[in-house]
Amino acid sequence: MEISIFFWPVVGGASIGLAATLLERGVGRVAGVSGIVRGLLVKDEDSAWRWAFIGGMLLVALGARALAPHTLPVGSLPTLSGAVVAGALVGLGAGLSNGCTSGHGICGLSRGAWRSIAATATFMLCGVATVYLRRLMQQGAP
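Residues numbered from 1 in each chain as written. Predicted model: local features only at pLDDT ≥ 70, side-chain atom pairs only at ≥ 80, totals over all residues. Heavy atoms only, no water.

## Some remarks on the packing of helix α2 (residues 33-41) against helix α3 (residues 48-67)
Orientation of α2 relative to α3, taken along the N-to-C sense of each, is 125°, at an axis distance of 9 Å. In terms of orientation, α2 lies oblique with respect to α3. Like other packed secondary-structure pairs, α2 and α3 cross with a definite hand, here left-handed. Where α2 approaches α3, its residues V33, G35, I36, V37, G39 and L40 are matched on the opposing element by W49, R50, W51, F53, I54 and M57. Class assignment for the residues of the contact of α2 with α3 results in nine nonpolar, two polar and one charged. (Axes fitted to C-alpha atoms, helices over the stretch in contact; angles between N-to-C directions. Helix = DSSP H or I, 4+ residues; strand = E, 2+ residues; numbered from the N terminus. Parallel < 35°, antiparallel > 145°, perpendicular 65-115°, else oblique. Left-handed = near helix turned anticlockwise from the far one by under 90°. Contact = heavy atoms within 4.5 Å. Nonpolar A, V, L, I, M, F, W, Y, C, P; charged D, E, K, R; others polar.)

This is how it looks when you write it as structure tokens:
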């Protein structure tokens, strides 16, 4: 078994935790990406840290791509229309649950917030159901 099977997920998880901690300690905000982007779209006056956070995410993604190109094959990228629809659905879900997967799943769970535990369980169950249904549709019902 290759060491990179364990190395990259650990580096990624530690980086996400570090970024969430630095944002909370430095700006006093939760690292909920949907809320960060929403603040940019509604022209929030406090947008410098939002741009820095999103820019940092993009730079890290490009760096990871350069260091380990096999981790994100080009063929796995969604179409623009698929990305827009997926983004809109995530935004809708984030609005309905008063937070997104990153806000609830990373920051809320680490604080032991019951609302985040319920929201994250819902996200996970919906994800499992979606994968199951999609595979069923691809293979055809028995």
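## Considerations on helix α4 (residues 80-96)
Between its first and last C-alpha atoms α4 spans 24 Å; for 17 residues at 1.5 Å apiece the expected length is 24 Å, and the two agree. One or two residues past the end of α4 sits N98, with phi positive at roughly 55°. (Expected span 1.5 Å × (residues − 1).)

## Some words on helix α5 (residues 101-111)
Looking at α5, one finds that the buried residues are S102, G103, H104, C107 and G108. Just downstream of α5 lies G112, where phi reads positive at about 75°. (Buried < 20%, exposed > 50% of the residue type's maximum accessible area, 1.4 Å probe, protein only.)

## Here we look at a nonpolar patch on the surface
A contiguous nonpolar surface patch, about 440 Å² in accessible area, is contributed by V85, L89, L92 and L96. Among the secondary structure elements, V85 is positioned in helix α4. (Patch = residues over 30% accessible without salt bridge, like charges linked within 9 Å, V, L, I, M, F, W, Y side chains within 5 Å. Areas by Shrake-Rupley, 256 points an atom, 1.4 Å probe, with all protein chains shown as cover. Salt bridge = Lys/Arg side-chain N within 4 Å of Asp/Glu carboxyl O.)

## Comments concerning the nonpolar core
Counting residues in hydrophobic clusters, the biggest one holds nine residues: A20, L23, A31, I36, L40, W49, F53, I54 and C107. Every element with two or more residues in this core is listed here: α1 (4-26), α2 and α3. Take this core: its biggest share by element is three residues, from α3. Excluding residues that lie within four positions of it along the chain, I36 makes contacts with L23, A31, W49, R50, F53 and I54. (Core = buried A, V, L, I, M, F, W, Y, C linked by side-chain atoms within 4.5 Å.)

## Overview of the packing of α5 against helix α6 (residues 114-139)
Helix packing geometry: the angle between the two helix axes and the distance between the axes. The interhelical angle for the contact between α5 and α6, taken along N-to-C directions, is 130°, at an axis separation of 9 Å. Classified by the interaxial angle, the pair formed by α5 and α6 is oblique. Crossing angle aside, the handedness with which α5 passes α6 is left-handed. From α5, T101, H104, G105, G108 and L109 reach across to α6, where they touch R115, S116, I117, A119, T120 and F123. For the contact of α5 with α6, a count of residues per class yields four nonpolar, six polar and one charged.

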